[in-house]
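Survey of secondary and tertiary structure
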Amino acid sequence: MAAASTDRKLFLGARMKRMRRELGLTQTRMAEDLGVSPSYLNLLERNQRPVTAQVLLRLAEAYDLDLKTLSSDPESTSATGLSEVFSDQMFRDLGVARHEIAEVADSAPAVSEAIVRLYRAYLDQRRLTELGSIGRPEEGAGTGSAVLPSDWVRDFIQAQKNYFAELEDAADEMVAQLAYEPQEFAAAARERLAKRHNITVRVVPIDVLPESVRRYDHHRKRLFLSEVLTVAGRSFAVAYQLAIQEYGPLLDAMADRAGPPDRPTRNLLKVSLANYLAAGFLMPYAAFHEAAERAAYDIELIRSRFGVSFEQACHRLTTLVRPGARGVPFFMLRVDSAGNISKRFAGATFPFSRFGGTCPRWNIHASFRTPGRMVTQIVETPDGQRYFTLSRTVSRIATSYTSDDSELAIGMGCELKFAERLVYSRGIDLRDPIATAIGPACRICERPACKQRAAEPINRTLTVDDFTKSISPYPFASG
């Protein structure tokens, strides 16, 4: 298997052409940088010649690239999204092949993303129509965006690979100015807010903030934090306020530059960017990356070192994609006990549906039966790709005995080839592992004979008859 992988030829024409255009280079100029002839570069861009190791190294040297961004083989996020779109019943007669989807996603990622966004808008509009609604009231009939703000922001963040260099630079700047130890951030940040912005921080009873956990009073310059917040939650709230006060203009500029479709979406994006910056204050990139590598990605140890919550540490791990200092490329989800996804981030490939939920065979759902305990699993998607996953429940705020349960589950994962770097894989045979076959979501999953299938695939014909009862409650034709 190793030999096969070594001998595999790399055809990266579309990616090289796209990179050249983004850099504003002519073929002649790029050929000079790479030490090849323009005609040879033309052949490379048209996939008539494979990219050699020497050319890859010259690309990395000339343009300061991480080779993984060019030579990575897993199916891209764009291709995954397009596959879901074209599995819809309306496109069934077209018979769009997977290799065609991969070619489009690779050669025109922006067009692919536009198609995915259009399809998402179509789905959202269809749901609104089914509910008897035609749009958000505040936007006016027919003038609002068909895409929900949360979906738009999630797609925008994913398009950036959940990494924002400007915010990382701002975080490093603040960390250098405060010069604090990891466990001392909250005190240093409170002092900064008080001295520079005349803002005081108060923790108040739940009766004062019955329906929120943080509120800033602009007139009195007071930041009120609810007593139900954990220590980590209070630190993050202070970090968020510091981000808004110190880097408000930067956050506004980044939110405007993204071009959100309406004011609610723009506001949500700014909050998300401020949250990212706050995480950078609490977990500075270089120190966090080094700690993660040294601890073999033991999340509890990392969390404890920086005084953050389990969820905050997991989220930060998905952002470790800085060129030259990359961590394990994790994906992350947060779900409730009903399976609703409220957070979805990825630094690389993502094995689940962009338009539905997760697979019931993934043990993130079973983690609710063992609260607070880390559960590992190796899963295999229909394309044969394997992932090492971790799941654990978390509680974001303190709850009283009589209140509703606020427990959520966090799911993390990475491609199996990175699992040897994780403490959680010790004692597991990664060369010949037991892998659980999963799918993206029942409506678009084509795995046959699944006992946990909740619906037939929308691009397959249901084959139910009077004479046979299959293992799956929804058997379907294979072709």
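Residues numbered from 1 in each chain as written. Predicted model: local features only at pLDDT ≥ 70, side-chain atom pairs only at ≥ 80, totals over all residues. Heavy atoms only, no water.

Concerning the environment of Arg49
Relative to the helices and strands, Arg49 resides in the loop between helix H4 (38-45) and helix H5 (53-63). You can call Arg49 partly exposed: its relative accessible area is 39%. Residues within four places of Arg49 in sequence aside, it is in contact with Phe11, Tyr40, Leu43 and Leu44. (Helix = DSSP H or I, 4+ residues; strand = E, 2+ residues; numbered from the N terminus. Buried < 20%, exposed > 50% of the residue type's maximum accessible area, 1.4 Å probe, protein only. Contact = heavy atoms within 4.5 Å.)

Brief notes about the layout of surface pockets
When its volume is computed, the second largest pocket comes out at roughly 1,300 Å³. Taken together, 44 residues make up the lining of the second largest pocket; nearest its centre are Asn275, Glu311, Arg334, Lys343 and Arg396. Of all elements in the fold, only helix H10 (149-159), helix H13 (231-257), helix H14 (263-282), helix H16 (299-306), helix H17 (310-317), strand E7 (341-346) and strand E9 (386-395) reach the threshold of two or more residues within the lining of the second largest pocket. No other element matches the seven residues that H14 contributes to the lining of the second largest pocket. (1 Å grid on protein atoms, 1.4 Å probe; cavity = no way out; pocket = protein on both sides within 12 Å on 5 of 7 lines; lining within 4 Å. Points joined across faces, edges and corners; volume = space filled by probe spheres on them.)

Considering H13
When the local axis directions of H13 are compared, the greatest deviation, roughly 90 degrees, occurs at Tyr247, which is followed within four positions by the proline Pro249. Within two residues after H13, Gly259 carries a phi angle of roughly 70 degrees, on the positive side. (Bend = angle between axes of the 7 residues up to and from the residue.)

Quick word on the environment of Glu211
Assignment of secondary structure puts Glu211 in the loop between strand E1 (200-204) and strand E2 (214-217). Expressed as a C-alpha distance, the spacing of Glu211 and Ser226, which sit 15 residues apart in the sequence, is 9.6 Å.

Observations concerning the pattern of salt bridges
Opposite charge on two side chains makes pairing possible when the charged atoms of those side chains draw close. Under the counting rule described, the total for this entry stands at 20 salt bridges. Here Glu45 and Arg20 are joined by a salt bridge, their closest N and O atoms 2.6 Å apart. Note that Glu45 is positioned in helix H4 and Arg20 in helix H2 (residues 13-23), a separation of 25 residues in sequence. Looking at Glu45, the relative accessible area reads 5%, which means it is buried. Owing to a relative accessible area of 10%, Arg20 belongs among the buried residues under this scheme. Linking Arg257 and Glu166 is a salt bridge whose minimum nitrogen-to-oxygen distance equals 2.8 Å. (Salt bridge = Lys/Arg side-chain N within 4 Å of Asp/Glu carboxyl O.)

Comments concerning empty space enclosed by the protein
In total, this model carries two cavities of 30 Å³ or more according to the counting rule given. By volume, the second largest cavity amounts to about 70 Å³. Taken together, Thr358, Cys359, Pro360, Arg361, Ile438, Gly439, Ala441, Cys442, Cys445, Arg447, Cys450 and Arg453 form the lining of the second largest cavity.

Some remarks on the side chain of Ser226
In this fold, Ser226 is placed in strand E3 (residues 222-226). Note on Ser226: relative accessible area 0%, which makes it buried. Apart from the residues within four sequence positions on either side, Ser226 is in contact with Val203, Val204, Ile206, Leu209, Ser212, Val213 and Arg234.

Points about the packing of aromatic side chains
Applying the stated criterion to the full structure yields 11 aromatic pairs. Centre to centre, the rings of Phe288 and Phe306 are 5.4 Å apart; their planes meet at 55 degrees, and the pair counts as tilted. Taken together, the residues Phe288 in helix H15 (residues 285-294) and Phe306 in helix H16 connect sequence positions 18 residues apart. We classify Phe306 as buried; its relative accessible area is 4%. Joined through ring pairs, the aromatic side chains of Trp152, Phe156, Phe164 and Tyr276 make up one cluster. Geometry around Tyr276 places Arg316 over its ring, the cationic atom sitting 6.0 Å from the centre. (Phe/Tyr/Trp six-rings, centres within 6.5 Å; stacked < 30°, edge-to-face > 60°. Lys NZ or Arg CZ within 6 Å of the ring centre and 35° of its normal.)

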